[in-house]
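For reference, the chains in residue letters:
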Amino acid sequence: MRQLVGHLVVDAADRALGAHLARARADGYRLNINLLGEAVLGEREAASRVRRTIDLVGRPDVDYVSIKVSSLVSQISTWDTPGTLARVRRRLRPLYRAALEHGAFVNLDMEEYRDLELTLEVFTAILGEPEFASLEAGIVLQAYLPDAPAAFERLVAFATERVDAGGAPIKVRLVKGANLAMERVEADLHGWQQAPHVTKADTDATYVRILDRALTPEVARVARIGVAGHNLYHLALAHLLATRRGVTGAMDVEMLQGMAPAASRAVRDTVGSVLLYTPVVARGDFDVAISYLVRRLEENAAPENYLHQALTPGGETEAEARFLASIEEAATAPTAPRRDGTRPAPAPESVLVSFANAPDSDPAVTWVREAAEAALMAEPDLAVTAPELTSTAQVDAAVERARSLAGAWGTLPGRERALVLADVAERIEARRMDLLAVMAHEAGKTVAEADPEVSEAVDFARYYARAAAELGNGAGAEGGSSLEPWPVTLVTPPWNFPVAIAAGGVLAALAAGSAVVMKPSPSATRCGELVADLVRDALAGAGFDPDLLQVVRVPENEVGRHLIAHDGVDQVVLTGALETARLFAGWRVDRPGGPRVYAETSGKNAIIVTPSADLDLAVADVARSAFGHAGQKCSAASLVILVGSVGRSRRFHDQLLDSVRSLRVGVPDDLGTGMGPVVEPPSGKLLRVLTRLDRGESWALEPRQLTTQEIVGTWGSGAARWAGRLWTPGIRSGVRPGSWFHRTECFGPVLGVMRAETLEEAIEWQNAVAFGLTGGLHSLDPDEIALWLDWVEVGNAYLNRGITGAVVQRQPFGGWKGSVMGPGAKAGGPHYVPQLTRVAPHPGGSSGSSGAGSESLREAAEQMLAGTDVTNLPAEENTLRYRPVPRLLVRLSEHGSVADLEQVLAGARVLGVPEVRISLDRVHADARSGVGSLAVVVEDENELAARLPRLGDVRVRWLGGSGESAPPALWRAALAVEVGAGATIIDAECGSDARAELHRLVREQAVSRTRHRYGHLHP
Ligand SMILES: Cc1cc2nc3c(=O)[nH]c(=O)nc-3n(C[C@H](O)[C@H](O)[C@H](O)COP(=O)(O)OP(=O)(O)OC[C@H]3O[C@@H](n4cnc5c(N)ncnc54)[C@H](O)[C@@H]3O)c2cc1C
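Heads up: these notes are all about the structure in this document. The written sequence of each chain sets the order in which its residues are numbered from 1. Given that the model is predicted, a residue must reach a pLDDT of at least 70 before its local features are reported, and side-chain atom pairs must reach 80 or more before they are shown or counted; all residues, however, enter totals for whole chains, interfaces and linings. Based on all heavy atoms of the structure, the side-chain values leave hydrogens and waters out of the count.

### Regarding the pairing of strand β12 (residues 488-492)
- Counting buried residues along β12, 5 of its 5 residues qualify, which places the element largely inside the surrounding structure.
- A two-sided burial pattern is seen for β12, the buried positions comprising V488, L490 and T492 on one face and T489 and V491 on the other.
- Looking at chain direction, β12 and strand β13 (residues 515-518) are connected through 4 bridges and run parallel. Paired with T489 across the two strands is V516, which belongs to β13.
- Crossovers are described as right-handed under a simple rule: with the strands pointing away from the observer, the path leading from the first strand over the helix to the second runs clockwise. What counts as a helix is a DSSP run of H or I of at least four residues, what counts as a strand is a run of E of at least two, and both are numbered from the N terminus. A crossover links β12 with its parallel partner β13, the connecting element being helix α22 (residues 500-511), and its sense is right-handed.
- Think of it this way: DSSP has to see at least two bridges between two strands before they count as a pair. Judged from the 4 bridges that link them, β12 and strand β15 (residues 571-575) form a sheet pairing that is parallel. Residue L490 lies in a different strand from β15, and its bridge partner there is V572. The buried label applies to any residue whose accessible area, calculated with a 1.4 Å probe on protein chains only, is under 20% of its type's maximum; exposed applies above 50%, and partly exposed to all values in between.

Written as C-alpha cells, this is what we have:
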C-alpha cells in the first residue's frame, strides 16, 4: 500500500521526508506540508498533532505547513463557537510563534461548513493580536459555498485594516471544496439544505467571481491569493488575469502532490513555480492516509469534474463549455447562504398524507446559536401548576372526567383528531427555544441533546396525526375487523426524555381516540406540563374540551396506586424501569381486561467492534453512544465488546480513553458542556457503578464527582444546584461475562469493556442479558454483518453508527425481551397507534375468521421478514423488519374458535416460528388431531397458569372469542415469569384477515445502517 500511494502521501520519517523535499525543490516546486494522523477525538491527539506540526516548522527544509481547526482541538462544539474559539486560539498560538521564529508559513485548511465561522473567527482574532502583527498566515475559502464571496470580503476588510496599521498581509487559498459528499450526507440526515451550491456551474462561477476580485491591485496589496486546483482552464484564467493586472507577485498556484504530475510540470514551466500540497503521515498511521486518498480518488472520478473530463475522450469540449459558462455566470451565481436556519412549515393537510422529519436546529447559523444562548440565559419559570391529587376521590373524579369526554372524541373521524395533532406540531415547533430552556434547567439536558428531542416531539405529532387520519372513523379498521378506542389511557413518561416521550405517549393515545390522563415524571414535571399546555391549547383552539388531556400529580402512596390500578383506566403507557412496569402490571392484574400496561423499559446495550471496523469511527460512535446525556438514555451503550485484535489494540484503547477523558463535563445551561449532570446525586445501583469494581475489573478511567467548589468556581454560585450530580465519565475494563456489570442496567456515565475472541462469542455476550433494546456492530465485513443481523436479539439494531438518537419513522423505537411489556409495537412506527386500540367485539361471538389465501399469507410473511425502508435516505438504510417470536404458545380457550387457532398456526408456519406449543381447553380436545406433530396440552386456564412461569419468555396467543380477555390468573402467571418483563399475552380478537394476525406473532426490529464512508455512498 505504501508503495502504491507513495507518490501521493509522503512518509513522515525524517530521512524519507528530507529526501522528498530535496527532490521536489530541485524540480522547482515548493512544498506545503500537511501532517495526517488518526482522527482527532481527544485532547491528547490534538496536542500531539500540534506539537508534531511545530516540529515540522522547526525543520530547516520545511517552510510551509497546513492544519485544520478540527486537528487543533477535540470536542469542537458548534453550539459553543465562542468557547471553542478560545480553545483553538490557545492551541494555535505556539504554532504561530514557531512560524514567526523559523520564518515559516502556516495555513488554516477548511473542511466542514460548520467550521467556517469558527475558522474565520480564529484566523482574524489571532492575527489581530499585536504579537502576530508581522506574521503572514493563510486561510482557505471554498467556492462551493455561496457564503464564500462575503467571507472573502470580510477577510479583505480585515487584511486592509491590518496592513494599513503596519501589519503583514494575509493569504487566502481559493479552492472549490473537497467535502461535497459529506456535506450532502449531513444535510440529508438532518433535513437541512446542503451548504454547498447544488450545481457545479455555480461553484465554478463563484470561483471565478472571487478570482476576479482577488486579482486586483487593491486586494493584492493586502491579501495574497493561492489559486488551488487542477482545472487548467481556471488556473490559466488566474495566470492571465494576474499577468494583465500586474499582480503575479501576489499569486501562487497550488496543486496536490502526485495527483496530476504532468499538469503540475506544465503549470510550473508556465507560471514559474507551483506550491505542492503534500500530505505526510507517520509509518504507524499509514492506514489513515486511506480516507484522504478515497476522497481524492472519488472526487477525480466524478464525471462533472475536470480531471475526469480531461482523461475522457471528448471530455475537453464539456470542460471548455463549463469554463466559458463560469465566466458568464460569475456575477450572477447565488451568494445567499443556503443554510439559514429556517424550516418549512407544512400545511396541516399535507401532514395527513405524507411525513417528513422535522429538522434539528442548525448551530452553524449564527442567529440560531444566539437564540439558544438567549433562551438558556433567561431563567425559565419552573413553577409547577398541575394539581396534586391527594385523595382517591380526586383520582376517581379525574378518571370520571376523562371517561365523560372520551366517547365524543373516540367516535370522531380520525381526520379531525389528526388536524388537532398537526396543530400541536406547529405549537411545539414555535416554542422550541422555551422547551430547550426548561429541559436544561429542570431536566439537566444540554442543548445538543435537547434540541433533537424537540424535533422528535414534533415528529410524533405529525406522524401520529397521519396515523389517526389513516384510522378512518372511530379507531379504524385492521384486516377487515373494526378497531375501537379504549376510552381512557394513562400516560406516564420518564424524566430522561421528558418532552419527546411525553408528547409521543399522549399524542398516540389521542390519535387512537382515547381521552388521556398524564402523570409527568416528578423529576421533570414542568417539561411535561409545557407539552401538555400546548396539546390542551390545540384541543381548545379546535373547539374540543382541553380536559381530553388532564395533567395530574399523584404522591407515591395509595393515591398513586389507586390511579395506576384504576378500573376506569383502560390502558397505561409507561416508559421507565422494568421494575416499575412489573409493579404497575401487578397492581392492574385483577382488572377486567387484564393489566394492559404497554411499557418501554430498560436496556443493557452493547456495541461490538471487530477488527474489520473503521476504528476511528467506532471510537467516536462508542463514546457518543455511551456518554450522551450522561449515559442516561435507555438506548445508551453500556458495554463495548472488542473482538480479537481490537481488544489488544493500543491505538483503540488510547483513542477511546483520549476521547472520553476529553469530554467537557459541565452544567447544562453552558453551551460548551459536552456531558451534563445525572438526574440526582447517585445512590444505590448508580453509586455502586460509579465507585465500585467487581472481580477482574479495573478502571481504565475512574469517574469522579466534581466538588461544589469546582462547580461554583467554574460556573458561579447559581450552579451550586448541580452539586453532587456532575461526574466525569468512567470506563471499566475487564468486565467478565456473567458478571454484575455485564447484566445490570446502570443508567449513568460508565462504559464497560469486554474482550471476546470471536464475533460469535461477542454476540453471545451481547444477547446474554435480560434486555434487548438497542445494540450495535462496527464492522465493514459483509459476512460479519450478516451473521450479526441473524443473531442479535435487540429491537433496534445499529450498524456502523451510534446506537442512540432514534428518529421517528426512520428508526421506530422499542425493544425485545425485558425491554418491553406488551406486544411491542414500536414508538414512532406504523403499529403504535393501532396497538392502543382494540378489535371491536364481533356481534356473533367468534369472528369466524376465514383466513387469507395461503399464497398471499406467505407473500405477506416474506415481505415482513425482509422488511421495508420507507425513508429512502441515500446515506442511511433504515429497514423495519419483523422476526418471528422464538416461542409461541397458542391457547384455545373455552369460547375460542378452532378457525382462529388454525389461522394463528398458519401464520406461525409461514413466518417460521421455531417453537410452537398448543394449550387446548377441554371442550376443544378434539382439535388436537388437526395440529400435526405440535406439542399439545389439554388443560384449563388454572392448569396453564400453574405451568406458565416454567415456560419462560414465551408469547402467549390467547384465543377466547369475541369480547373475551385472558383471565387474571393467566396475567398473574405471566408476570411471575422470571426472565425479562415476563411472558407476553396477546388476547386480541382474531380479525377476518389472517395477514393482520401475522403481526401478533413477530417482534419488530428496526435496522439502521450507515451506507457511506466519508460521504461516498456504498454501491
Ligand atoms: C493545493 C490544494 C489544496 C486544497 N485544499 C483544500 C482545503 O483546504 N479544503 C477543501 O475543501 N478542499 C481543498 N482542496 C480541494 C479542492 O477543494 C477541490 O476539491 C479540488 O481541487 C478539485 O477542484 P478543481 O478545481 O481542481 O476541479 P474541478 O473539476 O473544476 O472542480 C471540482 C469541484 O467542483 C465542485 N463540484 C463538483 N460537482 C459539483 C456539484 N454538483 N455541485 C456543486 N459543486 C460541485 C466540487 O468542489 C469539486 O471538488 C485543495 C486542492 C488543492 C489542489
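### Observations regarding the site of the ligand
- Only heavy atoms are used to decide nearness, and a residue is near a molecule or strand if one of them lies within 4 Å of it. Neighbouring the ligand are 29 residues, the closest being K176, G177, H230, E299 and Y306.
- Between N or O atoms, a polar contact is any pair within 3.5 Å; within protein, one atom must be a potential hydrogen donor and the other a potential acceptor, and residues adjacent in sequence are included only when both atoms are from side chains. R173 is positioned with one of its side-chain polar atoms (N or O) 2.8 Å from a nitrogen atom of the ligand.
- Within the side chain of R184, one N or O atom sits 3.4 Å away from a nitrogen atom of the ligand.
- Elements supplying a minimum of two residues to the shell around the ligand: β5 (138-142), β6 (170-175), α8 (180-190), α9 (200-214) and β8 (251-256).

### Details of unusual backbone geometry
- In this structure, Q75 takes a positive phi of about 55° despite not being glycine.
- As for its position among the elements, Q75 is in the loop between α4 (69-72) and α5 (81-102).
- A positive phi angle, near 45°, is found at R596, a position not held by glycine.
- Here R596 is to be found in the loop between α25 (578-588) and β16 (597-600).
- Relative accessible area serves as the criterion here: at 13%, R596 is assigned to the buried category.

### Quick look at the state of the cysteines
- Note that a disulfide, as used here, is simply two cysteine sulfur atoms within 2.5 Å. Counting across every chain of the model gives 0 disulfides.
- In this structure C527 is a free cysteine whose sulfur lies 16 Å from that of C634, the closest cysteine sulfur available.
- Here C746 stays unpaired: no disulfide links it, and the sulfur of C634, its closest cysteine neighbor, is 14 Å away.

### Here we look at the side chain of R883
- Relative to the helices and strands, R883 is located in strand β28 (residues 876-884).
- Charge counting treats Lys and Arg as positive and Asp and Glu as negative, with His and both chain ends excluded. By convention in these notes, a salt bridge is any Lys or Arg side-chain nitrogen within 4 Å of a carboxyl oxygen on Asp or Glu. Among buried Asp, Glu, Lys and Arg side chains, R883 stands out as unpaired, with D790 the closest opposite charge at 4.5 Å.
- Residue contacts are defined here by distance: any two heavy atoms, one from each residue, within 4.5 Å place the two residues in contact. The residues touching R883, leaving out its near neighbours within four places in the chain, are W816, L865, L1001, V1002, R1003 and Q1005.

### Structural notes on the packing of helix α21 (residues 447-471) against α22
- Packing of α21 against α22 brings their axes to within 9 Å, and their N-to-C directions diverge by 10°. Taken together, α21 and α22 sit at an angle that is classed as roughly parallel. In this structure, α21 contributes E453, E456, A457, F460, A461, Y464, A468 and L471 to the contact, and α22 contributes A500, A503, G504, L507, A508 and A511.
- We call Asp, Glu, Lys and Arg charged. Ala, Val, Leu, Ile, Met, Phe, Trp, Tyr, Cys and Pro are nonpolar, and the rest, Gly among them, are polar. Residue classes in the contact of α21 with α22 are distributed as 11 nonpolar, 1 polar and 2 charged. Interaxial angle, 0 to 180 degrees, is taken between N-to-C directions of lines fitted to C-alpha atoms, where a helix line uses only the stretch in contact. The labels follow the angle: roughly parallel below 35 degrees, roughly antiparallel above 145, roughly perpendicular from 65 to 115, and oblique for the rest.

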